[in-house]
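What the coordinates show
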Amino acid sequence: MGEPLKFHFEVDGENFSSAGEASVMVKKKLRQLGFSPEIMRRVSIAMYEGEINMVIHADGGTADVTVSDTEIEIVLKDKGPGIADVERAMQEGYSTACDNIRALGFGAGMGLPNMKKYSDYLHIDSEVGVGTTVTMRINLN
Amino acid sequence: MKICEIQNLLNATMLCGEENLEHEVYSACCSDMMSDVLAYVKDQGVLVTGLINPQVIRTASMMDMACVVFVRSKAPTDEMVDLAEKCGIVLMKSDMRAYEACGHLFAAGLRGNAGGTHG
Ligand SMILES: Nc1ncnc2c1ncn2[C@@H]1O[C@H](COP(=O)(O)OP(=O)(O)O)[C@@H](O)[C@H]1O
Ligand SMILES: [Mg+2]
């Protein structure tokens, strides 16, 4: 493929309805590029959970996706409250979301575990009061 | 099972995607928690849900689902219908409750496991 392809998205933290639009766009791009359904699904679900997290926990942020010959990298960056205990946040079922988020179908504490499950590499860099950067990579072939 | 059979079994009203009524689906799932659908579902073609917001359609689209059935007489918003049309997803609504709707589908042979043609 040569030069890596880069996609940049602003994720609006004010609008729950539009959360996930960037992930839908990425899925469409990957389909146009001819990636397998398996790769498209893994990338888009991992990114979608991350995008939802930025909206419900961090007032939005940015998403950067890089497609190279060997991997797809997703970097989600926000200036939200940060995560005090990342290890705990990674546990299935752990959530600080309130009931109104749950009423929207999210906040089951499965987002970060899902992101780990669907990616080959997950790293969370977070500082309380500063923000969170989540990096995920999916290996190609 | 064809999507039109689901419509008949659930006495459902079509909301969009009529052109895909002959499409075959092999299994289904039921949830109001989209995180759970994203976590546990594998290759289920149909989502039965009582939840109304655009994330239902995005979740179905991420999971490559062909059809969403809204139960308990809940109707999706125009925004959701537009989104589903763009994603090529069939939407329908039924007056049945989730338990009842799933019971009908299961009894007619639409199972919860992927590749449900084998039972
Ligand atoms: N971008 C983020 N900014 C701040 N906190 C976050 C972020 N992402 C996740 N968290 C924290 O980690 C917890 C677990 O996240 P997750 O597994 O996605 O579950 P859920 O979103 O359902 O609560 C969240 O409840 C929240 O406290
Ligand atoms: Mg989450």
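This text goes with the structure placed above it.
So, here is what we can say about the structure in this document.

Here is what the cut-offs are and how they apply
- Residues numbered from 1 in each chain as written.
- Chains lettered and ligands numbered in written order.
- Predicted model: local features only at pLDDT ≥ 70, side-chain atom pairs only at ≥ 80, totals over all residues.
- Heavy atoms only, no water.
- Helix = DSSP H or I, 4+ residues; strand = E, 2+ residues; numbered from the N terminus.
- Rg over C-alpha atoms; globule rule 2.2 N^0.38 Å.
- Buried < 20%, exposed > 50% of the residue type's maximum accessible area, 1.4 Å probe, protein only.
- Contact = heavy atoms within 4.5 Å.
- Areas by Shrake-Rupley, 256 points an atom, 1.4 Å probe, with all protein chains shown as cover.
- Lys, Arg positive; Asp, Glu negative; His and termini not counted.
- Charge placed at Lys NZ, Arg CZ, Asp CG, Glu CD.
- Axes fitted to C-alpha atoms, helices over the stretch in contact; angles between N-to-C directions.
- Parallel < 35°, antiparallel > 145°, perpendicular 65-115°, else oblique.
- Left-handed = near helix turned anticlockwise from the far one by under 90°.
- Nonpolar A, V, L, I, M, F, W, Y, C, P; charged D, E, K, R; others polar.
- Buried area = accessible area lost by both parts, 1.4 Å probe.
- Salt bridge = Lys/Arg side-chain N within 4 Å of Asp/Glu carboxyl O.
- Pairing = 2+ DSSP bridges.

Here we take up the overall build of chain B. On a plain count of helices and strands, chain B comes out with five helices and five strands. The secondary structure elements of chain B, listed N-terminal to C-terminal, are α-β-β-α-β-α-β-α-β-α. Its C-alpha atoms give chain B a radius of gyration of 12 Å, within 12% of the compact-globule value 14 Å for 119 residues. For chain B, the C-alpha atoms occupy an extent of roughly 35 × 30 × 25 Å along the three principal directions. Within the span of chain B, comprising 119 residues, buried residues form 55% of the whole. When contacts within chain B are restricted to residue pairs at least 6 apart in sequence, long-range pairs at least 24 apart make up 51% of them. Taken as a whole, chain B presents about 5200 Å² of accessible surface, with 49% of it coming from carbon and sulfur. The average position of the 9 basic charges and that of the 15 acidic charges among the side chains of chain B differ by 6 Å.

As a further point, take the packing of helix H2 (residues 37-58) of chain A against helix H5 (residues 111-118) of chain A. Residues and elements named next belong to chain A. Put simply, H2 and H5 touch, their axes get as near as 9 Å, and they point 155 degrees apart. What the angle tells us is that H2 and H5 run roughly antiparallel. Classified by chirality, the crossing of H5 by H2 is left-handed. On H5, the residues that touch Arg42, Ile45, Ala46, Glu49, Gly50 and Asn53 of H2 are Gly111, Leu112, Asn114, Met115 and Tyr118. Partitioning the contact of H2 with H5 into residue classes produces five nonpolar, four polar and two charged.

We now examine the interface of chain B and chain A. Residue-level contacts link 22 residues of chain B with 27 residues of chain A. In total, about 1900 Å² of surface goes out of reach between chain B and chain A, with carbon and sulfur atoms giving 51% of it. Run the count over chain B and chain A and you get four salt bridges. With a shortest N-O distance of 3.2 Å, Asp64(B) and Arg41(A) are connected by a salt bridge. Breaking the side of chain B that touches chain A down by element, the ones donating at least two residues are helix H2 (34-40) and helix H3 (54-62) of chain B. Here the residues of the side of chain B that touches chain A are counted per class, giving 10 nonpolar, five polar and seven charged.

Residue and element names in this part refer to chain B. Pairing within the open sheet is mixed, and its five strands lie in the order S1-S5-S4-S3-S2. Of all strands in the sheet, those bounded by a partner on one side alone are strand S1 (13-16) and strand S2 (28-30). Adjacent strand axes in the sheet meet at a mean angle of 20 degrees when their direction is disregarded. Sheet contacts for helix H4 (residues 78-87): S1, strand S4 (67-70) and strand S5 (90-93); angle to S1, the most-contacted strand, approximately 70 degrees.

A few words on the packing of H2(A) against H3(B). The interhelical angle for the contact between H2(A) and H3(B), taken along N-to-C directions, is 155 degrees, at an axis separation of 9 Å. By the angle between their axes, H2(A) is roughly antiparallel relative to H3(B). In this structure, H2(A) uses Arg41(A), Ser44(A), Ile45(A), Tyr48(A) and Ile52(A) to contact H3(B), whose residues at the interface are Gln55(B), Arg58(B), Thr59(B) and Met62(B). Within the contact of H2(A) with H3(B), the residues separate by chemical class into four nonpolar, three polar and two charged.

Residue and element names in this part refer to chain A. When you tally the buried positions in strand S2 (residues 60-67), you get seven out of eight residues, the bulk of the element. In terms of strand pairing, strand S1 (residues 5-12) meets S2 through eight bridges, oriented antiparallel. Paired with His8 across the strands is Asp64, a residue of S2. The sheet contact formed by S2 and strand S3 (residues 71-78) spans seven bridges and is antiparallel. Opposite Asp64, over in S3, you have Val75 as the bridge partner.

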